[in-house]
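Given next are the chains, with one letter for each unit.
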Amino acid sequence: MAARFLEDFVIGETWISPAIILTDQDIIAFAQVNDPQPMHTDPAAAAAGRFGGLIASGWQVAALSMRLFIQSGGYGDTPIVGMGVDELRWKKPVRPGDSLHVTREVIDVQRSTRPGYGVIRTRVSVINQAGETVMTMVSIGQIPARRA
């Protein structure tokens with residue numbers, strides 16, 4: 001895969017990842033290490049709780065959105081330095097067996113005050129098998145430019 005630079009990105013460019021299915025084992029394993037709450041780690045407690053069953057941690061969904069984007073080759077071979085996330089929203093619970101894919105759209109491309117770099121903003125949506133948006137955010141990253 002070729003490297004991509006600031007000048008290669010245009011507002012409106014969109015990527016769609018392949019889908020991935022989260023299993024109950026995936027959800028529990030992530031949560032035991034990163035978000036050990038009963039709704040994510042204990043099927044019996046989760047069944048008796050607010051969501052009526054096991055759900056994925058929102059942090060797992062956010063991390064998964066990055067993995068799927070990188071695997072789909074959106075930035076090519078160019079490493080991007082994350083600068084932050086705006087407007088992170090978890091809109092619907094993600095349950096075992098849900099099939100998720102990610103769409104990313106470039107919404108802003110600007111030269112940085114740091115010579116040789118730029119800033120790219122992408123709108124990220126994670127969508128389930130029913131076409132429902134389960135998470136959204138705006139990702140902000142620093143990317144090399146071809147010229148200072």
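See the structure shown above.
We now turn to the structure provided with this report. (Residues numbered from 1 in each chain as written. Predicted model: local features only at pLDDT ≥ 70, side-chain atom pairs only at ≥ 80, totals over all residues. Heavy atoms only, no water.)

### Regarding helix 4 (residues 58-71)
Link 1 in the chain: An ideal rise of 1.5 Å per residue puts 20 Å on 14 residues; helix 4 measures up with 20 Å between its terminal C-alpha atoms.
Link 2 in the chain: For helix 4, the complete set of buried residues consists of G58, Q60, V61, A62, L64, S65, L68 and F69.
Link 3 in the chain: Its side-chain oxygen at 3.1 Å from the backbone nitrogen of W59, S57 defines the N-terminal cap of helix 4.
Link 4 in the chain: Note on helix 4: the residue one or two positions beyond its end, G73, has a positive phi of about 85°. (Helix = DSSP H or I, 4+ residues; strand = E, 2+ residues; numbered from the N terminus. Expected span 1.5 Å × (residues − 1). Buried < 20%, exposed > 50% of the residue type's maximum accessible area, 1.4 Å probe, protein only. Polar contact = N/O pair within 3.5 Å; in protein donor to acceptor, adjacent residues only side chain to side chain.)

### Considering the side chain of H40
Link 1 in the chain: The topology assignment puts H40 in helix 2 (residues 38-41).
Link 2 in the chain: We classify H40 as buried; its relative accessible area is 4%.
Link 3 in the chain: In this structure the side chain of H40 is engaged in a polar contact, spanning 2.8 Å, whose partner is the backbone oxygen of I55.
Link 4 in the chain: There is a polar contact of 3.4 Å between the side chain of H40 and the backbone nitrogen of S57.

### Observations regarding the packing of aromatic side chains
Link 1 in the chain: For the coordinates displayed, the defined rule picks out 3 aromatic pairs.
Link 2 in the chain: Seen from their ring centres, F9 and W15 are 6.1 Å apart, and the 65° between their planes marks the pair as edge-to-face.
Link 3 in the chain: A relative accessible area of 11% places W15 in the buried class.
Link 4 in the chain: Between the aromatic rings of W59 and W90, the centroid separation amounts to 4.9 Å while the plane-to-plane angle is 80°, which identifies the pairing as edge-to-face. Placement of the pair is W59 in helix 4 and W90 in strand 3 (residues 81-90), with a sequence separation of 31 residues.
Link 5 in the chain: Grouping aromatic residues by their ring pairs yields a cluster made of F9, W15 and F69.
Link 6 in the chain: Here R4 stacks its cationic end above the ring of F9, 4.0 Å away from the centre of that ring.
Link 7 in the chain: In this structure, R104 is placed above the aromatic ring of F69, and the distance from its NZ or CZ to the ring centre is 4.2 Å. (Phe/Tyr/Trp six-rings, centres within 6.5 Å; stacked < 30°, edge-to-face > 60°. Lys NZ or Arg CZ within 6 Å of the ring centre and 35° of its normal.)

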